[in-house]
Amino acid sequence: MRTVRSVAAIFRWPLLIALLTLAGLLAALVGDDAWDAVSWALLSVPVALCGYFSFVRGRRQD
Amino acid sequence: MSAFLSSPLALRRWGWLHKWSSLVCTLFMLLLCLTGLPLVFYHEIDHALGKHIEAPRMAADLPHLPADEIVRAARGHHAHLVPLYLFREEDDPDLWVVKMDTRPDTDETKARFSVIDARNGSVLGEPRFDEGFMHLMYRLHVDLFAGLAGRLFLGFMGLLLVLSLLSGVVLYAPFMRRLDFGEVRRRRSGRLWWLDMHNMLGIVTLTWALVIGATGVINTWADVILKVWQAEQIAALKVAAPAPLASARVGQVSIQSMVNAALRSEPGMAVATIAFPGTLLSSPSHFAVFLHGDTPLTSRLLKAVLVDPASGQVMETPPRPWYVSALLLSQPLHFGDYGGLPLKVLWALLDLITVVVLWSGLVLWWRKHRAAGSPKHAPDAVADVAGGRA
């Protein structure tokens, strides 16, 4: 049986992703060009994680 | 964590809230996700279908005709209609789109449009926005063909979505006590795979979904927000100028001179929209000139300048209230049209992930519902986890 995690441990990564997403949403609103690129990079994080957890990591465990 | 969030009774209540807020809105949210997908690429689809109207190439920096000539050109084919708005094309400043209807105060669903070349007054096209596939997607996304009632209904569904997202976050904790972040158990049983996918995709895309949901709700209130703002401005004008406003008559002062007066009052800004008196964006007896700056933020946060058509004078109005700023910022944050094509692609991918979250939630509910119907009552999954039997 694995150890029980604390609430802080459970929400550590979700909180970081939330902050990155928020920064990504605002970046393209603040400026153009470089700001847009920052926005694309930051909003790619949740999309890439969804892909990784759905397809890559699970397969490696099999 | 406090008993409010994590006691078995509290979790049962959060579970109830999550189940019902989700169940009520899920089918509508699936509809909104699917219809929203083509709407994200509205501009690109328009281009691909060859419907986009472009200004013909001419020598650079040709002078523009006065706004009055633009209106005259648009009404050439529609003498029975009155102009409501002049929109300047954002990507093509040589083009004006004139929106016309039978009266200034209609619901504008039957309005007609003319695209006018500002350099020579030629009518480049009269696009229809009330027919075809994209119109179907738009109406299903915005008001279900039911006008304001449909908008407010979808807004309420959006509020339920926000509730279901927040309750989902509370329920996320007990499910994750013994799992790694992002862990998806695929070998155990179908139900666990659906559950882990639902939790993982839901928590990773949570912020985007919350922002899209909340800004979508604010957008459904657009008519109400604009009417409140209008009433506030009219009230302020009555205090500032006791003379009866109804005495103003359209046509005494040229539209272009009013636009120029507005531009003089706000140096450094450019015209985005001109609203005729009596429309949703103006007052009953004033023209409204909407100006924008040249940064992404100031190009969205339009500044409204009311002009008296009798005197051509700019009216003193209070600064834009916070709720109008909220509406103006909610638009790009909902549409995803403020950071080029890559942002739109990310919007589409996050939209598709949200479809999976909605669908997996539905699958989980359906399986549990079916299990609960069998003679041996299946234990409630939330209470199960809360009781430490994950």
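Keep in mind it's a predicted model, so treat the numbers as computed, not measured.

A few points about the overall build of chain A
Piece 1. Within chain A, the secondary structure is distributed over two helices and zero strands.
Piece 2. For chain A, the proportion of its 62 residues judged to be buried stands at 34%.
Piece 3. Accessible area for chain A stands at about 3700 Å²; split by element, carbon and sulfur atoms hold 70% of it.

Quick look at the nonpolar core
Residue and element names in this part refer to chain B.
Piece 1. Membership of the largest hydrophobic core comes to 25 residues, with the highest contact counts inside it found for Leu86, Ile255 and Ile274.
Piece 2. Looking at this core, the elements that each hand over two or more residues are helix H4 (67-75), strand S2 (95-101), helix H10 (255-265), strand S5 (270-275), strand S6 (287-292) and strand S7 (303-307).
Piece 3. Per-element accounting of this core gives the leading share, five residues, to H4.
Piece 4. Counting 20 residues, the second largest nonpolar core, distinct from the first, contains Leu84, Ala275, Leu301 and Ala304.

Topic: the pattern of salt bridges
Residues and elements named next belong to chain B.
Piece 1. The full count for this structure, using the stated rule, is 13 salt bridges over all chains.
Piece 2. Here Glu108 makes a salt bridge to Lys99, at a shortest N to O gap of 2.9 Å. As far as the burial class goes, Glu108 and Lys99 line up, both buried.
Piece 3. It is possible to trace a salt-bridge network through shared partners that takes in Asp94, Asp117 and Arg119.

A short note on a nonpolar patch on the surface
Residue and element names in this part refer to chain B.
Piece 1. A grouping of Leu148, Leu152, Phe156, Leu159, Trp221, Val224 and Val228 is seen on the molecular surface, where their side chains present a nonpolar patch of about 590 Å² in accessible area.
Piece 2. Looking at the nonpolar patch, the elements with two or more residues in it are helix H6 (147-175) and helix H9 (222-240).
Piece 3. Sorting elements by how many residues they give to the nonpolar patch places H6 first, with four residues.
Piece 4. Looking at where Val224 falls in the secondary structure, it is placed in helix H9.

Topic: the sheet that holds S2 of chain B
Residue and element names in this part refer to chain B.
Piece 1. One open sheet holds the seven strands; their spatial order is S4-S3-S2-S1-S5-S6-S7, and the pairing between them is antiparallel. Taken across any chain shown, the strands that pair with only one partner, and hence form the sheet edges, are strand S4 (123-125) and S7. Averaged over all adjacent pairs, the angle separating strand axes in this sheet is 30 degrees, with direction ignored.
Piece 2. In this sheet, strand S3 (residues 112-117) lies alongside S2 in antiparallel orientation, the contact comprising six bridges. Pairing of Met100 across the sheet is with Arg112, part of S3.
Piece 3. Relative to the sheet, H10 contacts S5, S6 and S7, its axis offset from that of S6 by approximately 45 degrees.

A closer look at the interface of chain B and chain A
Piece 1. At the interface, 38 residues of chain B touch 36 residues of chain A.
Piece 2. Across the interface of chain B and chain A, roughly 3500 Å² is buried in total on both sides, 70% from carbon and sulfur atoms.
Piece 3. Here Asp180 of chain B and Arg5 of chain A are joined by a salt bridge, their closest N and O atoms 2.5 Å apart.
Piece 4. Listed by contribution, the elements that provide at least two residues to the side of chain B that touches chain A are H6, helix H7 (190-204), helix H8 (206-220), helix H11 (296-300), helix H12 (322-335) and helix H13 (340-373) of chain B.
Piece 5. Here the side of chain B that touches chain A takes seven residues from H13 of chain B, the largest share from any one element.
Piece 6. Its residues assigned to classes, the side of chain B that touches chain A shows 28 nonpolar, four polar and six charged.

A few points about the domain arrangement of chain B
Piece 1. Taken domain by domain, chain B consists of domain 1 (3-43 + 148-219 + 340-386) and domain 2 (52-126).
Piece 2. Distance between the C-alpha centres of domain 1 of chain B and domain 2 of chain B: 44 Å.

Topic: H12 of chain B
Residues and elements named next belong to chain B.
Piece 1. Across its 14 residues, H12 extends 20 Å between first and last C-alpha, which sits within 8% of the 20 Å expected from 1.5 Å per residue.
Piece 2. Considered for burial, the residues of H12 that qualify are Tyr323, Val324, Ser325, Leu327, Leu328, Ser330, Pro332, Leu333 and His334.
Piece 3. Just beyond H12, the residue with positive phi is Gly336, at close to 70 degrees.

Things to note about the pairing of S6 of chain B
Residues and elements named next belong to chain B.
Piece 1. Here S6 lies mainly inside the structure; five of its six residues are buried.
Piece 2. Relative to S6, S5 runs antiparallel, the two sharing five bridges. By the bridge assignment, Ala270 is partnered in S6 with His292.
Piece 3. Pairing of S6 with S7, which is carried by five bridges, proceeds in the antiparallel orientation. Counterpart to Val289 in the pairing with S7 is Val305.

Re the packing of aromatic side chains
Piece 1. Under the counting rule described, the total for this entry stands at twelve aromatic pairs over all chains.
Piece 2. Here the aromatic rings of Phe11 of chain A and Tyr172 of chain B are separated by 5.8 Å at their centres, their planes lie at 50 degrees, and the arrangement is tilted. Here the residue Phe11 of chain A occupies a position in helix H1 (residues 7-30), and Tyr172 of chain B occupies one in helix H6, the pair thus bridging two chains.
Piece 3. For the pair Tyr85 of chain B and Phe87 of chain B, a centre-to-centre distance of 5.5 Å together with 35 degrees between the ring planes defines the contact as tilted.
Piece 4. What makes Tyr85 of chain B buried here is its relative accessible area of 3%.

Concerning unusual backbone geometry
Piece 1. We note that Asp33 of chain A has phi near 55 degrees; this positive angle belongs to a residue other than glycine.
Piece 2. If you trace the backbone, Asp33 of chain A turns up in the loop between H1 and helix H2 (34-61).
Piece 3. Overall, the relative accessible area of 65% leaves Asp33 of chain A in the exposed class.
Piece 4. In this structure, Leu144 of chain B is a non-glycine residue whose phi angle is positive, near 55 degrees.
Piece 5. Relative to the elements of secondary structure, Leu144 of chain B occurs in the loop between helix H5 (132-142) and H6.

Quick notes on the state of the cysteines
Piece 1. Under the definition given, this model contains zero disulfides over all chains.
Piece 2. Free of any disulfide, Cys50 of chain A has its nearest neighbouring cysteine sulfur in Cys33 of chain B, separated by 13 Å.
Piece 3. For Cys50 of chain A, a relative accessible area of 3% translates into the label buried.
Piece 4. Of all cysteine sulfurs in the structure, the one in Cys25 of chain B sits closest to Cys33 of chain B, which takes part in no disulfide; the separation is 10.0 Å.
Piece 5. Since its relative accessible area comes to 10%, Cys33 of chain B is described here as buried.

Rules and cut-offs
- What you see as residue numbers is a count from 1 along each chain, following the sequence as written.
- Following the order in which they are written, the chains are lettered starting with A and the ligands numbered starting with 1.
- Given that this is a predicted model, residues contribute local features only at a pLDDT of at least 70 and side-chain atom pairs are listed and counted only at 80 or more, while totals for whole chains, interfaces and linings are drawn from all residues.
- Note that the side-chain values use all heavy atoms of the structure and ignore hydrogens as well as water.
- Only DSSP runs of H or I with at least four residues qualify as helices, and only runs of E with at least two residues qualify as strands; both kinds are numbered from the N terminus onward.
- Working definition: with a 1.4 Å probe on protein chains only, accessible area under 20% of the residue-type maximum means buried, over 50% means exposed, and in between means partly exposed.
- To be clear on the numbers: accessible area is Shrake-Rupley with a 1.4 Å probe, and residue cover counts the displayed protein chains and nothing else.
- Side-chain atoms within 4.5 Å link the members of a nonpolar core, which is a set of buried Ala, Val, Leu, Ile, Met, Phe, Trp, Tyr and Cys residues.
- By convention in these notes, a salt bridge is any Lys or Arg side-chain nitrogen within 4 Å of a carboxyl oxygen on Asp or Glu.
- Nonpolar side chains (Val, Leu, Ile, Met, Phe, Trp, Tyr) within 5 Å and like charges within 9 Å form the patches, drawn only from residues with over 30% relative accessible area and no salt bridge.
- At least two DSSP bridges between two strands are needed for those strands to be called paired.
- Between N-to-C directions, angles span 0 to 180 degrees; the directions come from axes that are lines fitted to C-alpha atoms, helices contributing only their stretch in contact.
- A contact between two residues is defined here by any heavy atoms of the two lying within 4.5 Å.
- Note: buried area is the sum, over both parts, of the accessible area (probe 1.4 Å) each one loses when the two are combined.
- Residues are grouped as follows: Ala, Val, Leu, Ile, Met, Phe, Trp, Tyr, Cys and Pro are nonpolar; Asp, Glu, Lys and Arg are charged; all remaining types, including Gly, are polar.
- These domain boundaries are the output of an automatic or database domain assignment.
- Here the expected length of a helix is defined as 1.5 Å per residue gap, with one fewer gap than residues.
- Each Phe, Tyr or Trp ring (for Trp, its six-membered ring) is paired with any other whose centre lies within 6.5 Å, and the angle between the two planes then decides the class: stacked below 30 degrees, edge-to-face above 60, tilted in between.
- The disulfide definition used here is simple: a pair of cysteine sulfur atoms within 2.5 Å.

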